[in-house]
Amino acid sequence: MPTAMQAKLLRVLEEGEVERIGSSKPTAVDVRVVVATHRNLEQLVESGVFRRDLYHRVVVFPVQLPPLRQRREDLPALVGHFAGQVSAQNGWKPVGFAPAAIEALQEYAWPGNIRELRNVLERLLLLADSEVTAEDVRLALPAVRPSANPSPASGSAEHESLAQRVLAYERAIVLAELERHGRHITQTARALGLERSHLYKKCQQLGIDLQHLPGHVD
C-alpha cells in the first residue's frame, strides 16, 4: 500500500469519516476493518515501508493462519466449500468425493495453499463423471509432490536456503509435468493451473529452456 494511501486509511480509522469524491464535507462511517497480508509487517515498519502508527492501529487482534499443509484436517470442509462454489459458478451438477480421494488430497503438501486447492478442485470436477476418485486426484496433481518435511538428498543440500529448495522443487514439478504431457506447453500450463505466458516466465526463472527441449510443442 502506498504511503499516501496508508495515511488516508489511518485517518479513516482514527476519525471514522471519509470524504467522497466530489463532496465538500466528510461522511461518517461505522465499519469493521479486517486486514490481511502475507508479508512481515514488523519488518516493513522497521524498514520504513509501512507506517508505525497504522501498524499499531490495525494489529489489534492478530490471527496467524498456518499454511494448508499444516492443517490438513481442514481439507474435507474446504473441498466441500470450493467444489460447491465452482459447480455453482459454472452451472455444473454437484459431484461427490470418494473417501480415498479426500485422503489423497490430504497427502499432498499444497505449496500453493488455498489458491492451488481451488484450481485443482476445478480440474477434478472437469475430469470426474459421477464421483471424484483417488485416481482422478492422482491425475490432477503434479507428478512430483513436494513433501511437507523434505529430507536433503545430499550433504550439500543441507546448506541450501529455503528459497533454493523451493526453486528446486518447483523445477522438478514443472519438468515432470512437461514430461507427462509430452512437452506440450499448452497442456502443461493447463495441468499446472497457469497461463501459457506465466509458464514461460516460470521456466525462465527456473532455468528451463523450453525452446531447446526435445520434442516440445506449443
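For the structure given in this document, a descriptive report is provided here.

The rules behind these values
- Residues numbered from 1 in each chain as written.
- Predicted model: local features only at pLDDT ≥ 70, side-chain atom pairs only at ≥ 80, totals over all residues.
- Heavy atoms only, no water.
- Core = buried A, V, L, I, M, F, W, Y, C linked by side-chain atoms within 4.5 Å.
- Buried < 20%, exposed > 50% of the residue type's maximum accessible area, 1.4 Å probe, protein only.
- Helix = DSSP H or I, 4+ residues; strand = E, 2+ residues; numbered from the N terminus.
- Contact = heavy atoms within 4.5 Å.
- Salt bridge = Lys/Arg side-chain N within 4 Å of Asp/Glu carboxyl O.

## Quick notes on the nonpolar core
Of all hydrophobic cores here, the largest spans 26 residues; its most connected members are Phe97, Leu105, Trp110 and Leu124. Put simply, the parts of the chain that give this core at least two residues each are α4 (75–90), α5 (99–107), α6 (113–127) and α7 (134–140). With six residues, α4 is the single largest residue contributor to this core. Leu124 has contacts with Phe97, Leu105, Val132, Asp136, Val137 and Ala140, leaving out every residue within four places of it along the chain. Grouped together as the second largest cluster of nonpolar side chains are 11 residues, Val174, Ala189, Leu199 and Cys203 included.

## Here we look at the pattern of salt bridges
Enumeration according to the criterion identifies 11 salt bridges in this entry. Here Arg11 ties to Glu19 by a salt bridge, and the two come within 3.2 Å at their closest N and O atoms. Taking the relative accessible area as the measure of exposure, Arg11 reaches 44% and is therefore partly exposed. On the basis of relative accessibility, which here comes to 52%, the residue Glu19 falls in the exposed class. The salt bridge involving Asp74 is made with Arg71; its shortest N-O contact spans 3.4 Å. With relative accessibility at 11%, the residue Arg71 sits in the buried group. If you follow the salt bridges from partner to partner, you end up with Arg11, Glu15 and Glu19 in one network.

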